[in-house]
Amino acid sequence: MIPNEINLLWFLLPVAALSGWLIGQCKVNPKGSRSSTLIDPEYFKGLNYVLNQQPDKAIEVFIRMLEVDSETVETHLALGNLFRRRGEVDRAIRIHQNLIARPSLDRKQRAFASLELGMDYMSSGLLDRAETLFLELVESNLHLNQACTELLEIYQQEKDWENAIKIARKLETISGEKLNSIIAQFYCECADSALVDGNMRVVKDNVRQAISSYPNCVRASLIEAQMYQRIGKVKLAIKSYKSIESQDSDFITEIIVPLYDCYRELDCIDEYIEYLKMLVHIYGGISPLLMLTELIAEREGKDAAKRFISNELKTKPSIKGVDRMVEYVISKSEGEIHDYLKIIKILTAKLIEIRAMYKCNNCGFDAKQLHWLCLSCKNWDTVKPVLEL
Ligand SMILES: [Zn+2]
């Protein structure tokens with residue numbers, strides 16, 4: 001609760017009630033006779049409740065006093081808004097419902113009150129009620145931008161991806177803002193669920209839609225590759241994994257291990273080694289380099305792997321590379337050298353362990369695994385693999 005807001009609210013409420021009542025009185029008696037300015041005893045009753053810290057009773061009295069007409073609607077809306085911002089959503093709902101129930105409201109005022117009430121429902125988690133109000137606004141062509149934005153939020157919270165796609169497309173036309181990469185993520189959500197259910201036709205369809213909405217959608221290519229792997233179309237899986245390199249080279253780390261599995265299945269490790277060499281040469285990432293080292297160790301022995309990695313480390317020093325090199329030499333070392341190497345190994349292992357593997361480009365959130373929707377700032381497609389040490 002923000003103290004300034006509380007003070008403002010308790011100042012505003014009686015003032016609003018009094019001014020609303022006075023406006024009402026002047027309208028009843030336009031000549032402004034003496035009797036019209038006598039303050040309603042209800043006002044003092046309300047003030048007494050305020051002074052006695054009985055907010056609910058005070059609100060009831062003041063709302064009753066505050067006649068709803070074109071001149072006091074704004075005051076009602078401001079009060080409702082203040083209550084919502086203070087987290088007192090039930091009170092905000094009562095004010096906005098009371099406002100909407102008045103027949104004197106014109107179309108625009110009613111729409112604005114509906115929008116506010118919808119926001120109240122959102123704050124209290126009554127998403128279905130909020131959705132009904134926002135859909136009515138969209139149908140009446142009023143407050144389109146905000147209503148669609150809120151609906152998009154509702155559908156994402158409810159994981160109703162079909163409606164999220166529809167409303168995001170509508171929002172794109174209304175606001176002119178490009179939402180194609182987010183829409184692609186919604187298709188990927190559908191594809192992911194279908195992959196879990198084993199419904200490959202639905203996976204394929206949603207992946208196609210995701211890529212047509214946003215051709216650089218890495219997630220769509222990853223799902224597509226997993227789907228092909230699952231149905232035994234390994235060559236097509238390799239093609240999908242490889243397309244990620246041109247979509248966003250930051251995600252190359254994600255394809256190293258699955259590509260190894262694919263090439264191993266096809267018994268084409270030589271081809272895989274050539275691909276890794278190309279990745280190391282062009283992008284210089286540590287993941288392909290470590291995989292290459294492992295394959296050299298497997299094929300030519302640890303000494304050859306040690307020579308390879310130590311040579312590479314001269315031009316591309318990295319903690320993970322040093323960690324691997326020490327691993328190869330430590331078993332053959334003895335005495336003092338062995339002790340020193342053990343210390344280095346503990347240090348590199350610790351550095352690797354505490355290092356986050358993924359980071360949100362938008363809010364800096366660190367993660368150990370890849371999240372397509374940032375857990376912190378709730379943005380899509382902003383979490384990326386961290387450039388390796
Ligand atoms: Zn974030």
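Here the structure is a predicted model, which is why all the values come from computation and not from measurement.

1. Quick notes on the overall build of the protein chain
When helices and strands are counted, the protein chain shows 19 helices and 3 strands. Within the protein chain, the proportion of its 389 residues that are buried is 44%. Total accessible area computed for the protein chain in this model is approximately 20,900 Å², and 53% of it derives from carbon and sulfur atoms.

2. Quick word on the confidence of the model for the protein chain
Of all residues in the protein chain, 82% attain a pLDDT of 70 or more, and the chain-wide mean is 84. Counting contacts from residues 27-37, a segment whose pLDDT is below 50, to residues more than four positions away or on other chains yields 7 contacts.

3. Some remarks on the pattern of salt bridges
Summed over all chains, the structure comprises 18 salt bridges. In this structure, lysine 277 and glutamate 274 form a salt bridge, with 3.8 Å as the shortest nitrogen-oxygen distance. With lysine 277 and glutamate 274 both in helix α15 (residues 269-283) and 3 residues apart, the pair spans about one turn of that helix. Take lysine 277: its relative accessible area is 43%, and that puts it in the partly exposed class. Under the relative-accessibility criterion, glutamate 274 is labelled partly exposed at 47%. Salt-bridge contacts for lysine 359 lead to aspartate 366; the nearest nitrogen and oxygen are separated by 2.7 Å. Members of the salt-bridge network, linked through shared partners, are Arg84, Glu116 and Asp120.

4. A word on the side chain of serine 221
Summarising the element assignment, serine 221 is placed in helix α12 (residues 218-230). For serine 221, the side chain forms a polar contact with the side chain of serine 243, separated by 3.4 Å. Among the polar contacts listed, one links the side chain of serine 221 to the side chain of glutamine 247, at a separation of 2.9 Å. Apart from the residues lying within four places of it in its own chain, the contact partners of serine 221 are Ile211, Ser240, Ser243, Ile244 and Gln247.

5. Topic: helix α13 (residues 234-247)
An α-helical turn contains 3.6 residues, so any two residues separated by three or four positions project in the same direction. An ideal rise of 1.5 Å per residue puts 20 Å on 14 residues; α13 measures up with 20 Å between its terminal C-alpha atoms. Those residues of α13 that fall on the buried side of the exposure criterion are Val234, Ala237, Ile238, Ser240, Tyr241, Ile244, Glu245 and Gln247. Contacts made by the buried residues of α13 are with α12, α14 (256-266) and α15.

6. With respect to unusual backbone geometry
Positive phi outside glycine occurs at histidine 143, with the angle close to 50°. Inspection of the secondary structure puts histidine 143 in the loop between α7 (127-139) and α8 (144-157). With a phi angle near 60°, lysine 378 is a residue other than glycine that sits in the positive phi range. Residue position: lysine 378 is located in the loop between β2 (366-367) and β3 (383-385).

7. Considering the environment of asparagine 81
You can see asparagine 81 is positioned in helix α4 (residues 73-85). Given the relative accessible area of 24%, asparagine 81 is considered partly exposed. Leaving out residues up to four positions away in the same chain, asparagine 81 has contacts with His96 and Glu116.

8. Some details on the packing of aromatic side chains
On inspection of all chains with the given rule, the structure shows 6 aromatic pairs. Geometrically, the ring pair formed by phenylalanine 251 and tryptophan 372 is stacked, given 5.8 Å between the ring centres and 15° between the ring planes. Within this pair, whereas phenylalanine 251 is found in the loop between α13 and α14, its partner tryptophan 372 is found in the loop between β2 and β3, the two being separated by 121 residues in sequence. The class of phenylalanine 251 is buried, set by a relative accessible area of 2%. The class for tryptophan 372 is buried, based on a relative accessible area of 14%. It is lysine 242 that lies over the ring of tyrosine 275; its NZ or CZ is 4.5 Å from the centre.

9. Topic: the coordination of the zinc ion
On the protein side, the zinc ion has Cys360 (SG), Cys363 (SG), Cys374 (SG) and Cys377 (SG) as donor atoms, found 2.3 Å from it. Considering all 4 donor atoms around the zinc ion, angles at the metal cover 105 to 113° and the coordination shape is tetrahedral. Here the donor residues of the zinc ion are spaced in sequence according to C-x2-C-x10-C-x2-C. Here cysteine 363, found in the loop between β1 (358-360) and β2, pairs with cysteine 377, found in the loop between β2 and β3; they are 14 residues apart in sequence, far enough to count as distant. The class for cysteine 363 is partly exposed, based on a relative accessible area of 36%.

Rules and cut-offs
- Residues numbered from 1 in each chain as written.
- Predicted model: local features only at pLDDT ≥ 70, side-chain atom pairs only at ≥ 80, totals over all residues.
- Heavy atoms only, no water.
- Helix = DSSP H or I, 4+ residues; strand = E, 2+ residues; numbered from the N terminus.
- Buried < 20%, exposed > 50% of the residue type's maximum accessible area, 1.4 Å probe, protein only.
- Areas by Shrake-Rupley, 256 points an atom, 1.4 Å probe, with all protein chains shown as cover.
- pLDDT = per-residue confidence, 0-100.
- Contact = heavy atoms within 4.5 Å.
- Salt bridge = Lys/Arg side-chain N within 4 Å of Asp/Glu carboxyl O.
- Polar contact = N/O pair within 3.5 Å; in protein donor to acceptor, adjacent residues only side chain to side chain.
- Expected span 1.5 Å × (residues − 1).
- Phe/Tyr/Trp six-rings, centres within 6.5 Å; stacked < 30°, edge-to-face > 60°.
- Lys NZ or Arg CZ within 6 Å of the ring centre and 35° of its normal.
- Donors = N, O, S within 2.8 Å, 3.2 Å for Na, K, Ca; no water.
- Tetrahedral: all angles 85-135°; square planar, octahedral: opposite > 155°, others 65-115°.

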